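Chain by chain, the residues run as shown.
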Protein chains: 2
Amino acid sequence: MGREDSKRQIMDATYRALCKHGYSDLSIQRIADEFEKGKSLIYYHYNDKQDLMNSFLDHMMERMEEEDMLKTSRSAEEQFDSLLDKTLAIEDEEMWEFRKALMEIEAQTPHNKELAERFRKIDRVVKDKFEEVLAEMDIERPEAKAELLISTIDGIISRKMGHGTPKDLEKIKEDIKQTFT
Amino acid sequence: MGREDSKRQIMDATYRALCKHGYSDLSIQRIADEFEKGKSLIYYHYNDKQDLMNSFLDHMMERMEEEDMLKTSRSAEEQFDSLLDKTLAIEDEEMWEFRKALMEIEAQTPHNKELAERFRKIDRVVKDKFEEVLAEMDIERPEAKAELLISTIDGIISRKMGHGTPKDLEKIKEDIKQTFT
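Within each chain, residue numbers correspond to sequence positions counted from 1 in written order. Chain letters start at A and ligand numbers start at 1, both assigned in the order the entries are written. With pLDDT at 70 or above as the cut-off, local features in this predicted model cover only qualifying residues; side-chain atom pairs require 80 or more to be listed or tallied, and sums for whole chains, interfaces and linings still use all residues. Think of the side-chain values as coming from all heavy atoms in the structure, minus any hydrogens and water.

Q: Sorry if this is basic, but what is going on with the interface of chain B and chain A here?
A: How big an interface is tends to be stated in terms of the accessible area lost upon association of its parts. Each partner contributes residues to the interface: chain B has 27 residues there, and chain A has 27 residues. Summed over both sides, the interface between chain B and chain A buries roughly 2200 Å², with carbon and sulfur atoms accounting for 49% of that surface. When the area that chain B buries against chain A is broken down by residue, the three leading residues are Leu148(B), Arg159(B) and Thr179(B), summing to 28%. Any carboxyl oxygen of Asp or Glu within 4 Å of a side-chain nitrogen of Lys or Arg constitutes a salt bridge here. In this assembly, chain B and chain A are joined by 6 salt bridges. Here Asp175(B) and Arg141(A) are joined by a salt bridge, their closest N and O atoms 2.5 Å apart. For helices the rule is a DSSP run of H or I covering at least 4 residues; for strands it is a run of E covering at least 2, with both sets numbered from the N terminus onward. Broken down by element, the side of chain B that touches chain A gets its largest block of residues, 15 residues, from helix H8 (residues 142–163) of chain B. Residue polarity is assigned by list, with Asp, Glu, Lys and Arg as charged and Ala, Val, Leu, Ile, Met, Phe, Trp, Tyr, Cys and Pro as nonpolar; anything else, Gly included, falls into the polar class. Here the residues of the side of chain B that touches chain A are counted per class, giving 8 nonpolar, 8 polar and 11 charged. In this analysis, two residues are considered to be in contact whenever any of their non-hydrogen atoms come within 4.5 Å of each other. Using a 1.4 Å probe, buried area is obtained as the accessible area two parts lose upon being combined, added over both of them.

As structure tokens, this is what we get:
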């Protein structure tokens, strides 16, 4: 198994462990439990939990950019829908657990510079993508709209986190489209 | 001093104590420090911190409703601006400290039914006000827009909480107006 293969497997195991245990209760052992090659191979690639989390967020970013390269054939509107689906991917239990874990990691950013940098980068990439797609759709002031839209998405997620009220996600997406485009 | 006067003074003292110490570090003693009549009068009116917080949130609601009764002479657009100013009143230091304290209290709601009920009520009142004003402005689908707008406002505040990036609040308000109305 090549270096890249085992790294990708560790990333997948980290994803599964985050969904199961959240971030505070995450340990290299718990990631190893999701990974058949065992703990020593994880320690061969990563020094500690922080090092692994940095790589995990970098890996998320890379995957977002890879997906981006595949998109060119689609219409701007399809791209908008797909961005919205991804950023509001909270309808199934696993995705929701992952999202909660991400918010836990984000809560560390005020006292963790390395994580903070990565979150800022992911944030900027998402905003830029929305801006690009809104511009392609000939929406006025795409930059301001994109900025507002990521606040709206964050608000929807943190409200769901707070009161857990079940909301009709498809309706929310439709409302967003009608308001922002 | 009448009962209502001393209650109002205690509420004002609670507001100041929340701005200074946040919610977790709030104690009846710290509220008493902001209130010249002393701790015993607070205990005469309230059993404990929970009882006082419940009253404080009720008092916030009442004040929101009082202000509402004064509004009738203003145009719908002025009312929209004023609602936005109030819900995004985060530009001065004291208001921001108060807002952070409110978010701390809200974080208690998953395991505190009495606080949760009050937050739900405040949330509903704010949403209803936005809906009413949007309807008066002849905006299409005011209910959906109001719902989305309170998510946007929450998102703006929690993003500011998270990365603390200074944002031009007047520009944000203008962007909200252009997008939602």
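Q: So what exactly am I meant to see when it comes to the relation of the copies chain B and chain A here?
A: What connects the two chain copies is a rotation about an axis and a shift along it. The atoms used to superpose the copies are C-alpha atoms, taken from residues with pLDDT of at least 70 in both, and the fit is least squares. Here chain B sits on chain A after a turn of 180 degrees about the axis and a move of 0.0 Å along it, with an RMSD of 0.0 Å. Those values place the two copies in the arrangement expected of a two-fold rotation axis. Most of the interface of chain B is mirrored in chain A, where 100% of its interface residues again form contacts.

Q: Looking at this structure, I do not really get the packing of aromatic side chains. What am I missing?
A: Each aromatic ring pair is summarised here by two numbers: the centre-to-centre distance and the angle between the ring planes. Ring pairs are drawn from Phe, Tyr and Trp, using the six-membered ring of Trp, whenever the two centres fall within 6.5 Å, and their geometry is named by plane angle: stacked under 30 degrees, edge-to-face over 60, tilted for the rest. By the definition in use, this model includes 7 aromatic pairs over all chains. Aromatic pair Tyr15(A) and Phe98(A): ring centres 4.6 Å apart, planes at 50 degrees, arrangement tilted. Taken together, the residues span a long stretch of sequence, with Tyr15(A) in helix H1 (residues 3–21) and Phe98(A) in helix H6 (residues 93–107) at a distance of 83 residues. Between Phe80(B) and Phe130(B), the ring centres sit 5.7 Å apart and the planes meet at 70 degrees, which makes this aromatic pair edge-to-face. Taken together, the residues Phe80(B) in helix H5 (residues 76–87) and Phe130(B) in helix H7 (residues 113–136) connect sequence positions 50 residues apart. The two residues Phe80(B) and Phe130(B) agree in class, both being buried. Counting every residue linked through ring pairs, the aromatic cluster contains Tyr15(A), Phe56(A) and Phe98(A). Whether a charge sits over a ring comes down to the Lys NZ or Arg CZ being within 6 Å of the ring centre and within 35 degrees of the ring normal. Sitting above the plane of the Trp96(A) ring, Lys160(A) keeps its charged end 4.5 Å from the centroid. Burial here depends on accessible area, computed with a 1.4 Å probe over protein chains only, as a share of the maximum for the residue type. Under 20% is buried, over 50% is exposed, and the range in between is partly exposed.

Q: How should I be thinking about the environment of Glu65(A) in this particular structure?
A: Locating Glu65(A) in the fold gives a position in helix H4 (residues 49–69). C-alpha of Glu65(A) to C-alpha of Val125(A): the two residues are 60 residues apart in sequence and 8.7 Å apart in space.

Q: Got a minute to help me understand the pattern of salt bridges in this structure?
A: Overall, the coordinates contain 28 salt bridges over all chains when judged by the stated rule. Ionic pairing is found between Glu77(A) and Lys177(A), a salt bridge with its closest N-O pair at 3.0 Å. Taken together, the positions of Glu77(A) in helix H5 (residues 76–87) and Lys177(A) in helix H9 (residues 169–180) put the pair 100 residues apart, joining distant regions of the chain. Judged by relative accessible area, Glu77(A) falls into the partly exposed class, the value being 43%. A salt bridge links Glu143(B) to Lys127(B), with the shortest nitrogen-to-oxygen separation between them at 2.8 Å. You can see Glu143(B) sitting in helix H8 and its partner Lys127(B) sitting in helix H7, a full 16 residues away along the chain. Of the residues examined, Glu143(B) reaches a relative accessible area of 34% and is grouped as partly exposed.

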